[in-house]
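Architecture and fold: a report
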Amino acid sequence: MVSRKGVTGAMLDLTHLRSFVCVAEELHFGRAAERLGMTQPPLSRQIQLLEAGLRVTLLDRSRHAVALTPAGRAFLPEAKALLAASERAGQVARRAMQTGTGSVLRVGFFSATTYAYLPRLIAQARQELPDTDFVLREMNGVTQLEELRTGRLDIGLLRPGPGLSALANLRVFRGRLALAVPHGHPLGARPRLRLRDLHGVPFIGYSEEGPYMQELQAALFAEARVQPQWVQSAAHAQTILSLVSAGMGVALVPEEARNATFANVAFCAIAIPDAPAIELNAAWKPDNANPALAPMLALMERLDAWSA
């Protein structure tokens, strides 16, 4: 029974969420009811209970059409996420009952790790740690450090920095820099590139929200006495590559960003003597008691490598 005061049950009722998602996808009560194996009146009632619990209107209804309201459009991805999380939780519980094992490992990452390291890591982990479920959460380094300190993350994938000093950490990946240029750019035709070739060239760099890469690039240019023409900056390689694709300039990015697909971007090797490797660290709280942590760290140690 739903309370008129708090209606907390309606807000969290998975049946109501599932009904809403189905109607939102079909935009038709009849088709949604058929898909759910029920009749329209109880389906309408479930949507009404959910709306009452949330105190918003999720669907605009007329005799001939159903449409999502702005609140409904905003709520739909959250409802889907809740249903997916519920399914994952059930899978973990069933696995633990069947095998006597089963753990969840919460892993934080930032976007650049998806070019090479993270897919390789998760593919290997699924083979070697079949009883572990992974909850992957994309977030920046500052947020990862906070989530690690408060125990909401088990492992964070981070660039080196002062915030790692309070955590246990392991270097798990090393990469090199490559030059990203728009197709047809004069630098792309040169057989051998050096850092001095970027002097005066329109350049897209990393912003202060990407401090590790920003400081690395600044140090390299200062050492080589090279001054590119800075035209724009961004925190993430994905954004930087989109600006390169738009023809705004060239950029130094991690070499594994070659795996990103941009129609108007080419990657060139660039010789930078004594350039430091671009490092990626796994960090975790030393007193983390998650039984899945140690096997995962052992796997990460074996995967330590340079980028291809």
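Quick note: structure is the one above.
Bear in mind that the values here come from a model prediction, so they are computed numbers and not experimental data. Every chain is numbered on its own, with residues counted from 1 as its sequence reads. Local features in this predicted model are restricted to residues whose pLDDT is 70 or higher, and side-chain atom pairs enter the listing and the counts only when it is 80 or higher, whereas totals over whole chains, interfaces and linings include all residues. Calculation of side-chain values draws on the structure's entire complement of heavy atoms; hydrogens and water are dropped beforehand.

1. What about the overall build of the protein chain?
So the rule is basically this: Numbered from the N terminus, helices here are DSSP runs of H or I no shorter than four residues, and strands are runs of E no shorter than two. Put simply, the radius of gyration uses C-alpha atoms, and a globule should come to 2.2 Å times the residue count raised to 0.38. Whether a residue is buried, partly exposed or exposed follows from its accessible area with a 1.4 Å probe, protein chains only, as a fraction of its type maximum: under 20%, in between, or over 50%, in that order. Contacts were defined at the residue level, with two residues in contact if any of their heavy atoms lie within 4.5 Å. Here, Shrake-Rupley sampling with a 1.4 Å probe gives the accessible areas, and only protein chains in the shown set may cover a residue. Charge convention: Lys and Arg are scored as positive, Asp and Glu as negative, and His as well as the terminal groups of each chain are ignored. To locate a charge, the coordinates of NZ of Lys, CZ of Arg, CG of Asp or CD of Glu are taken.
Looking only at helices and strands, the protein chain has ten helices and 15 strands in total. Its C-alpha atoms give the protein chain a radius of gyration of 25 Å, clearly above 19 Å, the size a compact globule of 308 residues would have. Here the C-alpha coordinates of the protein chain stretch approximately 75 × 50 × 35 Å along the principal axes. By the burial criterion, 44% of the 308 residues in the protein chain qualify as buried. Contacts spanning at least 24 positions in sequence make up 74% of the contacts within the protein chain whose residues lie at least 6 apart. Carbon and sulfur atoms form 53% of the exposed surface of the protein chain, whose accessible area is close to 16400 Å². Of the charged side chains in the protein chain, 32 are positive and 27 negative; the average position of the first set lies 4 Å away from that of the second.

2. Digging into the packing of helix H2 (residues 14-26) against helix H4 (residues 40-54)
Threshold: To get an axis, a line is fitted to the C-alpha atoms, and for a helix only the part in contact is used. The angle between two axes follows their N-to-C directions and goes from 0 to 180 degrees. Throughout, the term roughly parallel applies to angles under 35 degrees, roughly antiparallel to angles over 145, roughly perpendicular to angles from 65 to 115, and oblique to all others. Classification used: nonpolar for Ala, Val, Leu, Ile, Met, Phe, Trp, Tyr, Cys and Pro, charged for Asp, Glu, Lys and Arg, polar for all others including Gly.
Two elements in contact, H2 and H4, have axes separated by 9 Å at closest approach and are oriented at 110 degrees. Our classification of the angle between H2 and H4 gives roughly perpendicular. Residues Thr15, His16, Leu17, Ser19, Phe20 and Val23 of H2 lie in contact with H4, whose contacting residues are Leu43, Gln46, Ile47, Leu49 and Leu50. In the contact of H2 with H4, the residues fall into seven nonpolar, four polar and no charged.

3. Comments concerning helix H6 (residues 117-128)
For the record, the criterion: The span expected for a helix works out to 1.5 Å for each residue beyond the first. In this description, one arc is meant: the one made by directions from the helix axis to the C-beta atoms.
The end-to-end C-alpha distance of H6 is 16 Å, a good match for the 16 Å that twelve residues give at a rise of 1.5 Å each. Residues Tyr117, Leu118, Leu121, Ile122 and Ala125 constitute the buried set of H6. The buried residues of H6 occupy an angular sector of 115 degrees when the element is viewed end-on, so they sit on one face. Facing away from the buried side of H6, by more than 90 degrees, are the exposed residues Arg126 and Gln127. Residues of H6 that are buried make contact with strand S3 (103-109), strand S4 (132-138), strand S5 (155-158), strand S6 (168-175), strand S14 (278-284) and helix H10 (293-303).

4. Examining the environment of Gly184
Within the fold, Gly184 resides in the loop between strand S7 (177-182) and strand S8 (193-194). Given a relative accessible area of 81%, Gly184 falls into the exposed group. Each C-alpha atom of the pair Gly184 and Ala266 lies 8.8 Å from the other, and the pair is 82 residues apart in sequence.

5. Focus: the environment of Leu121
Here Leu121 lies in helix H6. By relative accessible area, which is 0% here, Leu121 ends up buried. Through-space distance from the C-alpha of Leu121 to that of Arg45 is 46 Å; in sequence the pair is 76 residues apart. Apart from residues no more than four positions distant in its own chain, Leu121 is found in contact with Met296, Leu299, Met300 and Leu303.

6. A few points about unusual backbone geometry
You will see that Arg225, though not glycine, has its phi angle at about 55 degrees, which is positive. Its location among the elements puts Arg225 in the loop between helix H8 (211-224) and strand S10 (229-234). Overall, Arg225 belongs to the exposed group, its relative accessible area being 76%. A positive phi angle is found at Asp274, which is not glycine, with a value near 60 degrees. By the secondary structure assignment, Asp274 is in the loop between strand S13 (270-271) and S14.

The quantities given are spatial measurements derived from coordinates; they are silent on function.
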